[in-house]
Amino acid sequence: FPYTTLFRSIDTTTGAQLDPVETFPGYAGGHFTDDGTRVAVTVTDPDADTTSFLTFDADTGSQISDTVVLDDAGGTLVQANGVGVEPAYLGDRTVLITASTNGDHAQVVQLDDTTGQQIGDAVPLQGSYFGSAVSTSGTRLVTLSDEYESQSDTSDVEFTVVNT
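Note that the structure is a prediction, hence the values are computed from the model and not measured. In this convention, every chain numbers its residues from 1, walking through the sequence in written order. Confidence filtering applies because this is a predicted model: local features only for residues at pLDDT of at least 70, side-chain atom pairs given and counted only at 80 or more, and all residues used for totals across whole chains, interfaces and linings. Heavy atoms from the whole structure form the basis of all side-chain values; hydrogens and water molecules are not counted.

Caption draft 1: Main features of the sheet that holds strand S11 (residues 128-134). By this definition, two strands are paired if DSSP reports at least two bridges between them. Note on conventions: DSSP H or I runs of at least 4 residues are helices, E runs of at least 2 residues are strands, and numbering of each starts at the N terminus. Pairing within the open sheet is antiparallel, and its three strands lie in the order S11-S12-S13. Two strands bound the open sheet, and with one partner strand each, they are S11 and strand S13 (154-163). Each adjacent strand pair in this sheet contributes to an overall mean axis angle of 15°, direction not counted. Taken together, the 10 bridges between strand S12 (residues 140-149) and S13 define a ladder with antiparallel strand orientation. Note on S13: the bridge partner recorded for Thr143 is Thr160. Fitted lines through C-alpha atoms serve as axes, helices being fitted only where they are in contact, and the angles separating the N-to-C directions of these axes extend from 0 to 180 degrees.

Caption draft 2: Quick peek at unusual backbone geometry. In this structure, Asp49 is a non-glycine residue whose phi angle is positive, near 55°. Positioned with a positive phi, Asp153 is a non-glycine residue whose angle comes to about 55°. Checked against the element boundaries, Asp153 lands in the loop between S12 and S13.

Caption draft 3: How the structure looks around the nonpolar core. Within this scheme, the nonpolar core is defined by two criteria: the residues are buried Ala, Val, Leu, Ile, Met, Phe, Trp, Tyr or Cys, and they are joined through side-chain atoms within 4.5 Å. The buried label applies to any residue whose accessible area, calculated with a 1.4 Å probe on protein chains only, is under 20% of its type's maximum; exposed applies above 50%, and partly exposed to all values in between. Ala88, Leu90, Val95, Ile97, Ala99, Ala106, Val108, Leu125, Tyr129, Leu141 and Val162 form the largest nonpolar core, which has 11 residues in total. Every element with two or more residues in this core is listed here: strand S7 (88-90), strand S8 (93-99) and strand S9 (106-112). Here a residue-residue contact requires only that any non-hydrogen atoms of the pair lie within 4.5 Å. Ala88 has contacts with Arg93, Thr94, Val95 and Val134, leaving out every residue within four places of it along the chain. In terms of nonpolar packing, the next biggest core, distinct from the first, is built from eight residues, Ala40, Phe53, Ala73 and Val109 among them.

Caption draft 4: Focus on the pattern of salt bridges. Only one rule defines a salt bridge in this text: a Lys or Arg side-chain nitrogen within 4 Å of an Asp or Glu carboxyl oxygen. For the coordinates displayed, the defined rule picks out one salt bridge. Across the pair Arg38 and Asp35 runs a salt bridge whose closest N-O atoms are separated by 3.4 Å.

Caption draft 5: Spatial organisation of the packing of aromatic side chains. Ring geometry is summarised as follows: Phe, Tyr and Trp rings, the Trp one being its six-membered ring, pair when their centres sit within 6.5 Å, and such pairs are stacked at plane angles under 30 degrees, edge-to-face over 60 and tilted between the two. In total, this model carries two aromatic pairs according to the counting rule given. Both rings, one in Phe7 and one in Phe56, keep their centres 3.9 Å apart while their planes meet at 20°; by these two values the pair is stacked. Here Phe7, found in strand S1 (residues 4-7), pairs with Phe56, found in strand S5 (residues 50-57); they are 49 residues apart in sequence, far enough to count as distant. Across the pair, exposure class does not vary: Phe7 and Phe56 are buried alike. With a centroid separation of 6.4 Å and 75° between ring planes, the pair formed by Phe24 and Phe56 is classed as edge-to-face. Pair noted here: Phe24 is in strand S2 (residues 22-25) and Phe56 is in strand S5, with a separation of 32 residues, a long-range link. In this structure Phe24 comes out as buried when scored by relative accessible area, which is 13%. Assessed through its relative accessible area of 0%, Phe56 is described here as buried. In this structure an aromatic cluster arises from ring pairing among Phe7, Phe24 and Phe56.

Set out below in structure tokens:
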């Protein structure tokens, strides 16, 4: 799974590169914070089974937070309908749902877009992740997960509500 992500910041007025190119193993996604001053980036590395979160200054392109590395989180989550799971961007924080590379567990993690730090503890999800939704107010995240027990041929379905 040899993905490499390059992060570079370009001045849209002059076309000049603002800061040296940052290189990260894995594939990435990012978003501007609501005030437009920062870029929050997540990088998933299946080989290391990690997802990393970091924040950049939108004006200079410089990394302004420590890198938070989430272990057992390098798997690609796919909802039951086949659509990939995207982070939820809730104003000043990012909510990630991560899974281990082997898919045997998942977790919900909240990260502060200003400081780049994790907010509280990760919330573990039972079994395989099926889907999630954020309330219209942005204050709750509900997830659905399922754990199959082959000996009894039963599934335990779990709804988890996380205050965001």
